[in-house]
Amino acid sequence: MPRFHLDGFTLEIPKHCLNSAIETAIEQGHYEAKELAGIKRHLKPGDRVLDLGGGAGYLALQAAKVVGAQNVTTVEANPEMVHVIGKNLALNDAVDLRVLHGAVVADDFTQDSVSFEARAAFWASSILKGSPGKKSQLIDVPALKLRDLFQACEPSFVVMDVEGAEVALAQQDWVETVRLVIMEIHPQLYSPRVIQKIFDGLSRAGFAYMPWGSRGNVVVFQRLTAD
């Protein structure tokens, strides 16, 4: 299994879950760099982190370095990547970090499971939208409502890379304990009007765009506080 060393962490990822773009990003130190910039800028000791779309566990490990593994929960829909995360937590002495298997959904979702498209390159996997790709594997995974995750994890800091789900999640009620959200907004999927809907939804929930730590398609939203 390919093993990588990145910013002090060791990651093992099965070859069939990689493509050249992922390998190059890791080897050149660009993997999850935009999200990591926001984490390093804003995460503080005492925060509780909810990482939606855990991938290989790298951002969860970075968060654990700041707040302690016991204060981080990562959610991943792809069952194979859940196993990968567990391996990587063990490799990096972070076994107290909590891993949940499932796809985060809006609070009004009525089913217990959701169809998930696991693609050959793990970072392109998502809740199924439209027809699946030729090399995709369709699986049913547990549906985890955002409000239930908030109740179970009590986060103050949320990192979100959930391709195709962020629009609905931005329209939800967000508990007041969440002070900061780092979100990849996937503009290649959305028109400017849909992106505006993401911003408007989080604005109604009490968040404002934070330029410090935002980079391109990764946006930081900060909870507004009373003056």
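The preceding data block contains the structure.
Residues numbered from 1 in each chain as written. Predicted model: local features only at pLDDT ≥ 70, side-chain atom pairs only at ≥ 80, totals over all residues. Heavy atoms only, no water.

## Re the packing of helix α2 (residues 33-42) against helix α3 (residues 58-67)
Each pair of packed helices can be described by the angle between their axes along with the distance between the axes.
Then step 1. Contact geometry of α2 with α3 gives a least axis separation of 10 Å together with a crossing angle of 15°. Between α2 and α3, the angle is such that the two are roughly parallel. Between α2 and α3 the crossing geometry is right-handed. Across from Glu35, Leu36, Ile39 and Lys40 in α2, the residues of α3 making contact are Tyr58, Leu59 and Gln62. (Axes fitted to C-alpha atoms, helices over the stretch in contact; angles between N-to-C directions. Helix = DSSP H or I, 4+ residues; strand = E, 2+ residues; numbered from the N terminus. Parallel < 35°, antiparallel > 145°, perpendicular 65-115°, else oblique. Left-handed = near helix turned anticlockwise from the far one by under 90°. Contact = heavy atoms within 4.5 Å.)

## Regarding the pairing of strand β10 (residues 157-160)
Then step 1. Across the two faces of β10 the burial is the same, with Phe157 and Val159 and Val158 and Met160 all buried.
Then step 2. Sheet topology places strand β3 (residues 49-52) next to β10; four bridges connect them, and they run parallel. Its bridge partner being in β10, Val49 is matched across the sheet by Phe157.
Then step 3. Relative to strand β11 (residues 180-184), β10 is paired through four bridges, and the arrangement is parallel. Within β11, the position partnered with Met160 by the bridge is Met183. (Buried < 20%, exposed > 50% of the residue type's maximum accessible area, 1.4 Å probe, protein only. Pairing = 2+ DSSP bridges.)

## Considerations on helix α4 (residues 79-91)
Then step 1. Helix length check: α4, at 13 residues, gives a terminal C-alpha distance of 19 Å against a target of 18 Å (1.5 Å per residue), a fit within 8%.
Then step 2. Within the sequence span of α4, burial applies to Met81, Val84, Ile85, Asn88 and Leu89. When α4 is viewed along its axis, its buried side chains cluster within an angular range of 140° and face the same direction.
Then step 3. Buried residues along α4 sit in contact with β2 (9-12), α3, β4 (72-76) and β5 (98-101).
Then step 4. For α4, the capping residue at the N-terminal end is Asn78, with a side-chain oxygen 3.0 Å from the backbone nitrogen of Glu80.
Then step 5. After α4 finishes, the residue Asp93 shows a positive phi value of roughly 55°. (Expected span 1.5 Å × (residues − 1). Arc of directions from axis to C-beta. Polar contact = N/O pair within 3.5 Å; in protein donor to acceptor, adjacent residues only side chain to side chain.)

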